[in-house]
Amino acid sequence: MPYQPPVRDHVFLLRDVLRLESYANLPHFADASIDVVEQIVEEAGRFTGEVLAPLNAVGDKQGCVWNPDHTVKTPPGFKEAYAQLVEGGWPALGAEPAYGGQGLPHVVNLAFSEMSSSANMAFSMYPGLTHGAYSAILNGGSQAQKDLYLPKLASGQWCGTMNLTEPHCGTDLGLLRTKAVPQADGSYRITGGKIWISGGEHDMAENIVHLVLARIEGAPEGVRGISLFIVPKFIPDADGKPGERNSVYCDGLEEKMGIHGNATCVIRHEGSQGWLVGEENQGLKLMFVMMNEARIGVGLQGISQAEAAYQAAAEFAKERLQGRSLTGPKNPDGPADPIIVHPDVRRMLMDSRALIEGGRAFLFWTALQGDLAHAHPDEAVRQKAADYMALMTPVVKGFLTDRGLKVCSDAVQVHGGSGFTEHFPVSQYMRDVRIALIYEGTNGVQALDLVGRKLAAQGGRAVMTFFAEIDAFVEANQGEPALKPFTDALALAKAQLQEATLWLMQHGLANPDNAGAASTDYLQLFGYTALAYMWAQIAVAAQAKIAAGETDPFYGNKLTIGRYYMDRVLPEAGAHLAKLKTGSELMMALPAEAF
């Protein structure tokens, strides 16, 4: 069975858990009535399931082709599917109406993006990066730059990229060597090489707008001297149409483990013409607008590949006959029972459901915070939402991609030997998702960012607010018997996260290696706690439906899966707390030559 977009789960989250209609008085939300949102989600399911999903294996098997003239041909069907994407207005969902967008909340756009990425992760990276370029120019560009580039990026007529990494430096952008030389006409000439540039060259859009980090001659060393430039593949003419070919070239494609349908390029800037975005030496700050959006998108990729892999595994488990149930035959007329009767197979499938559905809620909840940070009229609400966005972004990226890999690995395991072959789709999901733990800052870097910067920001205001919100939620719902398993488990997880936070405050400053050694365990503990909070909110919404007389098993199933998460998955949090508190002494004890 091909991938089936989880339309109903999306609608349940948007309507019943996040209650989008309660924000109808806010900008961007006014046109997002739940009826409209349901129609969008249903149509998104149709488009992604019918148009993008059939091309996923095609992209994996055939990949992109680099030509000696520095052009790249995308896999068969990609160009036509991209034209349908643009014609359908999908790239414009969350863009500003002033630049041709539909102005809908980001959380609604995220629902489409998750389905798109589940259906075809490699394809979805092209419009995803384009929206990131749109956001960076929207936040830092001049009005002339916005007027020229944003309508075409918002519509998808032009695509965008970000050019950060160089052969000699990855995460440490302070080492970059690409240089920018100012010209008399106000532009710059950009020279240098970039690697691992997703969507850096392709045949699907009439122009590609590269956002390039470079150092202006004479600028300070390190990250303080980095500027951001717009470098289009074709320089727009006086009418804003693609004109002269710029001297930016794709010199080849990376041979990769996965995402073969996305053109991951080696890019050469040979005196290419670029235009400064914002002020000199402020490029990294502007690029982080794009990078933070991309990190949420990468967390989404973890959930999206997990969803597709789980669906394949569940279908296989219901069809594959092997062995008999421990409690007696369940398929007595057949030679064996389907493997879904076996507890260990159920363990993997239930783990997957609990992580995917809780993780999706966390993803959507975080995206809603971004919408509130931009649109809410109350400054206190905006501040709280912005604090949450900053705090949760590394957790979304790191935790959801780690869990996405686990779900994909379990899906391969459910398939047994079949999963290790290329005859079944789960091998592709596992290969594709693996990059999500690495790019846009490895998960180790996300953990260091969380512990080293985000926790301490504004004196720990964000995490303390989060603790207080969970306390208030538990107090408000602990009197409901059906919710007690959720509130009790959530309270325990919150207490463990709070204990870990206090340990870091006490031991991290005294010895920074303690913070580094604890960082990954802390991020994992935070992620498990966040999903516990999400499952508790899901339980409230599901129980309200049941109390109102709803007999659809969908809601009872939610409670069962949520209980499973609290009982069988959440205890992992305690192990991370125990490891975290051992500190760095043994981790750093061996001399380097002993490795």
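Residues numbered from 1 in each chain as written. Predicted model: local features only at pLDDT ≥ 70, side-chain atom pairs only at ≥ 80, totals over all residues. Heavy atoms only, no water.

Moving on: the packing of aromatic side chains. One pass over the full model with this rule turns up 21 aromatic pairs. With centroids separated by 5.6 Å and ring planes inclined at 85°, the aromatic side chains of Phe316 and Phe424 adopt a geometry described as edge-to-face. Here the residue Phe316 occupies a position in helix H8 (residues 283–319), and Phe424 occupies one in the loop between helix H10 (379–415) and helix H11 (426–433), the gap between them amounting to 108 residues. On the basis of relative accessible area, Phe316 is assigned to the buried category, the value being 12%. The partly exposed category is assigned to Phe424, whose relative accessible area is 31%. (Phe/Tyr/Trp six-rings, centres within 6.5 Å; stacked < 30°, edge-to-face > 60°. Helix = DSSP H or I, 4+ residues; strand = E, 2+ residues; numbered from the N terminus. Buried < 20%, exposed > 50% of the residue type's maximum accessible area, 1.4 Å probe, protein only.)

So, about unusual backbone geometry. We note that Ile259 has phi near 40°; this positive angle belongs to a residue other than glycine. Within the secondary structure, Ile259 sits in the loop between strand E10 (248–253) and strand E11 (264–277). Taking relative accessible area as the criterion, Ile259 reaches 5% and is therefore assigned buried. Its identity as a non-glycine residue notwithstanding, Gln458 has a phi of 50°, on the positive side. Along the chain, Gln458 turns up in the loop between helix H12 (443–454) and helix H13 (461–477).

Further remarks concern the pattern of salt bridges. One pass over the full model with this rule turns up 31 salt bridges. Residue Arg360 is joined to Glu114 by a salt bridge in which the shortest nitrogen-to-oxygen separation is 2.8 Å. Of the two residues, Arg360 is situated in helix H9 (residues 343–375) and Glu114 in helix H5 (residues 106–119); the sequence distance between them amounts to 246 residues. Judged by relative accessible area, which is 0%, Glu114 ranks as buried. Among the charged side chains, a network of salt bridges with common partners joins Asp9, Glu114, Glu307, Arg353, Glu357, Arg360 and Lys558. (Salt bridge = Lys/Arg side-chain N within 4 Å of Asp/Glu carboxyl O.)

The next point concerns the environment of Ala44. Looking at the element boundaries, Ala44 is found in helix H2 (residues 34–52). Assessed through its relative accessible area of 1%, Ala44 is described here as buried. Separated by 313 residues in sequence, Ala44 and Glu357 place their C-alpha atoms 19 Å apart. Apart from residues no more than four positions distant in its own chain, Ala44 is found in contact with Trp90, Phe112 and Met115. (Contact = heavy atoms within 4.5 Å.)

Time to look at H10. The periodicity of an α-helix, 3.6 residues per turn, causes residues three or four positions apart to be oriented the same way. Its 37 residues give H10 an end-to-end C-alpha distance of 51 Å, which sits within 8% of 54 Å, the value for a rise of 1.5 Å per residue. At Met392, H10 shows its largest kink, close to 40°, and the proline Pro394 lies no more than four residues downstream. With a side-chain oxygen positioned 2.8 Å from the backbone nitrogen of Ala380, the residue opening H10 is Asp378. (Expected span 1.5 Å × (residues − 1). Bend = angle between axes of the 7 residues up to and from the residue. Polar contact = N/O pair within 3.5 Å; in protein donor to acceptor, adjacent residues only side chain to side chain.)

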